[in-house]
Amino acid sequence: MADDQLTLQAQRFAQYLVHADPTPHAIQLYRQALAQKVPLDAKDTRLLALVDRHPSLLGLVDAALPLLKPYSEVRRRLYLMLAILEASPEYYQSFVPLERPPLYFLVVGLACVRAVCKTILGMLLVVALGAKRS
Amino acid sequence: MTIYDYLIVGSGCSGAMAAQTLVDKGLHVTMLDVGIEREPSAPTIPDGDFLQLRQDDPEQYRYLIGDKASGVVWGAVGKGEQITPTRKHILAGVDTYIPMDSTTFSPLESLGYGGLGIGWGLQCWKYSEADLKAAGLDSAKMHAAYQTVSDRIGISATDDDATRYTIGNLKRYQPSPAMDRNHRYIYEKYEAKRQKFNKQGFHLGRTPLGLITKDRDGRKGYAYHDMDFYSDNDQSAWRPWITVNRLKQRPNFTYIGNKLVLSFHEKKDYTELKCLDITTDKTVSFYCRKLILASSTLGTARIVLRSLGSGSTRLPLLCNPYTYVPSVQPRFFGKAAEPKKLGFTQLSLFYDADHTNSDASVASLYSYQSLMLFRIVRHVPLNFVDARILMQYLLSSIVIMGIHHPDKHSDTKFLELMQTGSSPTGDALHVNYELSDAEKAVCSQRERQLIRAMRKMGTYSLKKLDPGYGSSIHYAGTLPYSATDEPFTLAESGRLHGTRTVYVADSSGFNYLPAPGLTFSLMANAHIVAESVAKNG
């Protein structure tokens with residue numbers, strides 16, 4: 001994958017994960033971490049192409065993969081970016097536990113409901129994608 | 001040809017203790033070791049609190065996730081998941097020089113300077129009388145040796161409800177470090193219903209640690225920086241290299257690195273050791289009058305099998321079955337991260353259903369902070385965005401139980417050496433390790449009981465993670481102690497039967513492996529073996 005594509009992917013992943021632009025350093029770390037190529041199977045190639053073409057579907061694909069393909073390359077790359085962001089002081093607030101008001105559990109509950117909905121929709125999408133191409 | 005007086009193989013916990021015993025007696029000791037150290041390019045970790053460094057240090061990625069994110073492990077849960085980039089040298093060279101061939105067993109071995117002690121969790125439990133007896137260890141000698149080791153390395157402990165399972169009659173130790181809020185909460189809940197718990201066979205107490213809480217011998221008392229998975233900056237945690245570095249200052253101690261010992265051959269007046277020099281991959285020989293093998297159970301087994309075994313020789317193996325259970329304490333949902341924490345285990349919960357102080361299982365309790373959020377997020381079956389929000393909210397409430405069970409010999413637990421052309425040593429260790437259905441049922445039943453007890457202490461399990469056999473990193477029993485002169489067994493002195501001058505100072509001789517971590521016991525045993533070697537001239 002070309003450096004430009006990886007840079008774009010790093011930006012999209014960071015935006016998706018913490019709703020913030022990655023620092024140039026985080027992008028550089030992401031590119032370095034992916035410098036060593038790993039062979040991709042057909043499904044991962046299709047999924048990566050899909051999220052590159054349609055970044056808005058990234059959330060659904062990410063939601064489906066823990067159940068359908070937990071060690072997918074898409075998930076590995078998202079996980080790499082998550083670790084890189086966590087190890088950067090700029091994103092400290094997104095990772096370190098913060099004091100929350102008592103009603104904050106509603107926010108978390110809502111996130112869980114949203115996560116389940118995304119999982120269902122995402123599984124339909126990923127299964128359909130697999131069926132269409134197989 | 002130089003003939004060394006006392007040659008010790010390995011710089012881990014047992015090698016360091018055996019060496020110190022002999023050096024203290026004024027004897028001339030040489031240590032042969034591979035001794036891979038941290039790469040010179042490895043990051044320097046600044047002094048400071050984990051949370052402060054997370055906010056301030058732009059270079060933190062180097063020690064938290066590694067250059068090129070090499071410390072971000074992906075794939076199934078497995079051994080060494082908690083090994084951080086700054087301790088990666090613990091695994092260096094292992095796949096090349098001491099390969100393993102097994103589908104049932106995935107151990108952690110080390111060729112690092114300090115061996116597995118580089119990443120030791122510091123638990124310093126004494127074995128009970130009954131467990132010592134079952135393991136084939138002399139209880140009177142072991143009690144004295146525990147004290148000697150404790151005095152050398154510095155231990156922090158507390159006399160509490162679990163004392164008979166933890167430190168027994170150990171006399172001199174420093175106070176335990178302060179507990180964090182998660183552990184204080186568990187301890188208060190336990191104290192409120194202590195008698196009821198005791199009646200059911202549960203005993204909770206502070207975990208004795210090889211960690212000093214007050215300055216001593218040039219080492220700093222623990223500063224609660226919560227950087228224990230990354231750094232040994234203040235040397236409050238004892239590591240074998242601390243002892244070996246100090247021995248190097250003594251005139252009667254020599255350290256020779258980069259040598260992987262392959263085999264030994266006893267001659268009339270000396271023993272010859274064949275070694276692989278890992279800088280040249282060439283074989284070199286060393287000669288000694290007394291040989292002490294302390295290269296960990298699996299490493300010693302390789303050397304003994306190459307030296308005395310035939311192709312079909314099988315040795316028995318012991319390893320504590322291990323599982324870990326991430327749990328939550330609802331009381332701490334949405335609480336801010338706690339500064340001044342401790343990364344090591346703080347409490348141990350023993351389950352001894354028949355109240356015999358033998359054959360108990362033990363859960364070590366850890367709170368979770370400095371190993372970072374990302375490691376735990378990947379176990380949540382949700383998308384990463386919502387999983388991050390959820391786990392950030394829950395993180396302060398997370399307590400990990402690491403449950404160990406005792407192990408006994410059986411026909412389905414063994415190892416043997418297989419020839420292979422792909423290894424520089426020409427062989428690989430093949431291990432078969434399987435528990436019987438009855439053993440599995442006992443482990444499951446005990447895990448259920450421990451999880452239930454923790455629930456009564458306000459700590460609720462999320463799931464049980466099985467990292468596979470070998471992941472406890474507690475190995476023993478390959479050359480069991482025996483009163484008869486059978487091959488591949490040890491005499492009480494630690495001498496390998498069938499040899500005159502070869503001794504084994506690690507846990508290879510244990511006939512039984514109690515659940516509490518073996519490191520303190522193998523160090524005490526190494527001291528006893530070294531005493532015996534010295535006594536026998």
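Residues and elements named next belong to chain A. Here helix H1 (residues 3-18) spans 22 Å end to end across 16 residues, near enough to the 22 Å set by a 1.5 Å rise per residue. Those residues of H1 that sit buried are Leu 6, Thr 7, Gln 9, Ala 10, Phe 13, Ala 14, Tyr 16, Leu 17 and Val 18. Looking one or two residues past H1, His 19 carries a phi angle of roughly 55 degrees, positive in sign.

Residues and elements named next belong to chain B. The topology assignment puts Phe 333 in the loop between strand S13 (322-328) and strand S14 (347-351). Here Phe 333 falls in the partly exposed class, since its relative accessible area comes to 30%. Separated by 65 residues in sequence, Phe 333 and Ile 398 place their C-alpha atoms 8.9 Å apart. The residues touching Phe 333, leaving out its near neighbours within four places in the chain, are Val 328, Tyr 393, Leu 394 and Ser 397.

The next point concerns the packing of helix H1 (residues 13-24) of chain B against helix H15 (residues 519-535) of chain B. Residue and element names in this part refer to chain B. Remark: H1 packs on H15, axes separated minimally by 8 Å, with the N-to-C direction vectors making an angle of 35 degrees. Relative to H15, H1 is oriented so that their crossing is right-handed. On the side of H1, the interface is formed by Cys 13, Ser 14, Met 17, Ala 18, Thr 21 and Leu 22, while H15 contributes Thr 519, Leu 522, Met 523, Ala 526, His 527, Ala 530, Glu 531 and Ala 534. Of the residues assigned to the contact of H1 with H15, the class counts are 9 nonpolar, 4 polar and 1 charged.

Right, let's get into the pattern of salt bridges. Residue and element names in this part refer to chain B. A full pass over the atoms with the stated rule returns 34 salt bridges over all chains. A salt bridge links Asp 217 to Arg 216; the shortest N-O distance between them is 3.3 Å. Its salt-bridge partner being Lys 267, residue Glu 272 comes within 3.6 Å of it at the nearest N-O pair. Overall, the relative accessible area of 9% leaves Glu 272 in the buried class.

Residues and elements named next belong to chain B. In total, this model carries 24 aromatic pairs over all chains according to the counting rule given. Relative to Tyr 324, the ring of Tyr 322 lies with its centre 6.2 Å away and its plane at 35 degrees, an arrangement referred to as tilted. For Tyr 324, a relative accessible area of 16% gives the class buried. With a centroid separation of 5.9 Å and 45 degrees between ring planes, the pair formed by Phe 333 and Tyr 393 is classed as tilted.

Taken together, the 45 residues of chain A in the interface contact 40 residues of chain B. In total, about 3900 Å² of surface goes out of reach between chain A and chain B, with carbon and sulfur atoms giving 65% of it. It is A:Tyr79, A:Glu86 and A:Pro97 that lose the most area in chain A upon contact with chain B, and together they represent 19% of the buried surface on that side. At the junction of chain A and chain B, the tally comes to 4 salt bridges. Where B:Lys335 meets A:Glu99, a salt bridge forms, and the shortest distance between an N and an O atom there is 3.6 Å. At the surface where chain A touches chain B, the tally comes to 16 residue pairs in polar contact (both at pLDDT 80 or more). Mapped onto the side of chain A that touches chain B, the elements with two or more residues apiece are H1, helix H2 (24-33), helix H4 (58-68), helix H5 (73-86), helix H6 (92-95) and helix H7 (104-133) of chain A. Looking at the side of chain A that touches chain B residue by residue, the class counts come to 29 nonpolar, 8 polar and 8 charged.

All names here are of chain B. The element S14 is largely enclosed, with a buried count of 5 among its 5 residues. Burial along S14 is two-sided: Leu 347, Leu 349 and Tyr 351 facing one way and Ser 348 and Phe 350 facing the other are all buried. Pairing analysis gives 5 bridges linking strand S6 (residues 202-206) to S14, with the strands arranged antiparallel. Bridge pairing in S14 links Phe 202 to Tyr 351. The sheet contact formed by S14 and strand S15 (residues 361-367) spans 5 bridges and is antiparallel. Across the sheet, residue Tyr 351 finds its bridge partner in S15, namely Ser 361.

Moving on: the pairing of strand S8 (residues 259-266) of chain B. Residues and elements named next belong to chain B. The element S8 is largely enclosed, with a buried count of 6 among its 8 residues. One ladder, built from 7 bridges, connects S8 with strand S9 (residues 271-277); its direction is antiparallel. Within S9, the residue paired with Leu 260 across the bridge is Leu 276. Hairpin connection between S8 and S9: a loop of 4 residues separates the two successive antiparallel strands.

Thresholds applied
Residues numbered from 1 in each chain as written. Chains lettered and ligands numbered in written order. Predicted model: local features only at pLDDT ≥ 70, side-chain atom pairs only at ≥ 80, totals over all residues. Heavy atoms only, no water. Helix = DSSP H or I, 4+ residues; strand = E, 2+ residues; numbered from the N terminus. Expected span 1.5 Å × (residues − 1). Buried < 20%, exposed > 50% of the residue type's maximum accessible area, 1.4 Å probe, protein only. Contact = heavy atoms within 4.5 Å. Axes fitted to C-alpha atoms, helices over the stretch in contact; angles between N-to-C directions. Left-handed = near helix turned anticlockwise from the far one by under 90°. Nonpolar A, V, L, I, M, F, W, Y, C, P; charged D, E, K, R; others polar. Salt bridge = Lys/Arg side-chain N within 4 Å of Asp/Glu carboxyl O. Phe/Tyr/Trp six-rings, centres within 6.5 Å; stacked < 30°, edge-to-face > 60°. Buried area = accessible area lost by both parts, 1.4 Å probe. Polar contact = N/O pair within 3.5 Å; in protein donor to acceptor, adjacent residues only side chain to side chain. Pairing = 2+ DSSP bridges.

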